[in-house]
Amino acid sequence: MKIVFTAEHTGDLTAFHQLGELLVEGWALGKPKLSADQLITLAHDADVLVTSYDDITEAVIAACPRLKVIACTRANPVNIDIKAAQARDIRVLYTPGRNADAAAELTLGLMLSLARHIPQSHAALKRGEFTSAENASQATQSGLRRDVVWDVSPESPYEVFKGSELRNKTLGLVGYGNIGRRVARIARAFGMAVLVVDPFVAAEDINEPGLQKTTLEALFREADIVSLHLSSGPHSDGLVNATLLNSMKPGALLINTSRAAVVEEDALINALRHGPLGGAALDVYHREPLWRDHPFVTEFDNVIVTPHIAGATRESIAKHTAMIAADLQRYVAGEPLLYQWR
């Protein structure tokens, strides 16, 4: 069996070597995405193709007549032409939940950063604000403690960066899949109440103290913080529109670590400029990479931006590598597959 491997990986591909001939290229070696012609050259005689982000189109599939398995190390194999693969009876594997912990933890990190102005206070100190030219060891201080006691003037960092606690706040989760559930559990540990909207999850599945299923409109009206955990698609793109954003509490916060398409960008910018939004934290954008003169970068001090890194952890890579290797071992052994896209 010949395996062409172009996916991000942990560095140990022993399990794949044991399954047959292994050809490693592309993203797996730190190179850019492969073109269709490059993929066809590599995989025209392959039995298995393992990829992360290469586009496995109908043309690529047609030019690789021996392909039996296409494995995608993502939670949603959007870069694979599923219909073309299924028409050829090719198994499509994916890795659900592989980065759920990573995305959930970044979401909570962004939530804390918004609530406590962590990036802004860090940047201010790095710029030399709220610092002293005098060496602390040489400074003369009075009082019982040798630490800084700020005054409460409007210019004091104690006032400039005064934030809010998460305890007793209401978090609204739009999407209650692998990531949303993990965010909910961590948020409950902070003492937050959690509202949930997900048409594919029954109210009985959210039957836990502190959690409540509700409507989208009620969630946006009542939540102090709204966090989005949706995939892009015809039913979700543009879901978060001006009507919903304008219905939020004054000073409410929005976090999006899912897909940019679910939010109308102009409506979000408007809600940040004119209210009611008090801030936002974004990991995804309608055009990536985010251009440097975008309003999210240049205009808003209350917007935290990260460059689409929610799933970027070593552990996520280790999980998806192990999941694909294990399912390929099951395939060779003729056993049922755990991660086959249906």
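It should be noted that the structure appears before, not after, this text.
First, a word on scope: everything that follows refers to the structure included in this document. (Residues numbered from 1 in each chain as written. Predicted model: local features only at pLDDT ≥ 70, side-chain atom pairs only at ≥ 80, totals over all residues. Heavy atoms only, no water.)

1. Things to note about the environment of Glu165
- Structurally, Glu165 is set in the loop between helix H7 (157–160) and strand S6 (170–174).
- Sequence separation between Glu165 and Trp341 is 176 residues; the distance between their C-alpha atoms is 41 Å. (Helix = DSSP H or I, 4+ residues; strand = E, 2+ residues; numbered from the N terminus.)

2. Here we look at the sheet that holds S6
- Strand order in the open sheet formed by 7 strands is S8-S7-S6-S9-S10-S11-S12, and the pairing between neighbours is parallel. The open sheet has two edge strands, strand S8 (211–213) and strand S12 (303–305), and neither has a second partner. Ignoring which end each strand starts from, the neighbouring axes of this sheet average 15° apart.
- Both strand S10 (residues 253–256) and strand S11 (residues 279–282) contribute to a ladder of 4 bridges, which runs parallel. (Pairing = 2+ DSSP bridges. Axes fitted to C-alpha atoms, helices over the stretch in contact; angles between N-to-C directions.)

3. Quick word on the packing of aromatic side chains
- For the structure on display, the rule yields 4 aromatic pairs.
- Aromatic pair Phe5 and Phe16: ring centres 4.9 Å apart, planes at 70°, arrangement edge-to-face. Taken together, the residues Phe5 in strand S1 (residues 2–5) and Phe16 in helix H1 (residues 14–17) connect sequence positions 11 residues apart.
- Taking relative accessible area as the criterion, Phe16 reaches 1% and is therefore assigned buried.
- Seen in terms of ring centroids, Tyr94 and Trp341 are 4.9 Å apart; in terms of plane orientation they differ by 80°. Their pairing is edge-to-face. (Phe/Tyr/Trp six-rings, centres within 6.5 Å; stacked < 30°, edge-to-face > 60°. Buried < 20%, exposed > 50% of the residue type's maximum accessible area, 1.4 Å probe, protein only.)

4. Topic: the side chain of Asn256
- By the secondary structure assignment, Asn256 is in strand S10.
- Owing to a relative accessible area of 2%, Asn256 belongs among the buried residues under this scheme.
- One polar contact links Asn256 to Ser258, side chain to side chain, over a distance of 2.7 Å.
- Not counting chain neighbours up to four residues away, the residues in contact with Asn256 comprise Leu228, Val262, Val263, Ala281, Leu282, Asp283 and Val284. (Polar contact = N/O pair within 3.5 Å; in protein donor to acceptor, adjacent residues only side chain to side chain. Contact = heavy atoms within 4.5 Å.)

5. Let's talk about a nonpolar patch on the surface
- A surface patch of nonpolar side chains, about 350 Å² in accessible area, is lined by Trp150, Val152 and Tyr158.
- Relative to the assigned elements, Trp150 resides in the loop between helix H6 (118–126) and H7. (Patch = residues over 30% accessible without salt bridge, like charges linked within 9 Å, V, L, I, M, F, W, Y side chains within 5 Å. Areas by Shrake-Rupley, 256 points an atom, 1.4 Å probe, with all protein chains shown as cover. Salt bridge = Lys/Arg side-chain N within 4 Å of Asp/Glu carboxyl O.)

6. Considerations on the sheet that holds strand S4 (residues 69–72)
- If you walk across this open sheet you meet the 5 strands as S2-S1-S3-S4-S5, and the pairing is parallel. Of all the strands in the sheet, the pair left with one neighbour each is strand S2 (21–24) and strand S5 (91–93). Pairwise comparison of adjacent strand axes, ignoring direction, gives a mean angle of 15° for this sheet.
- Where S1 and S2 come together, 4 bridges link them in parallel fashion. Bridging across to S2, Ile3 finds its partner in Leu22.

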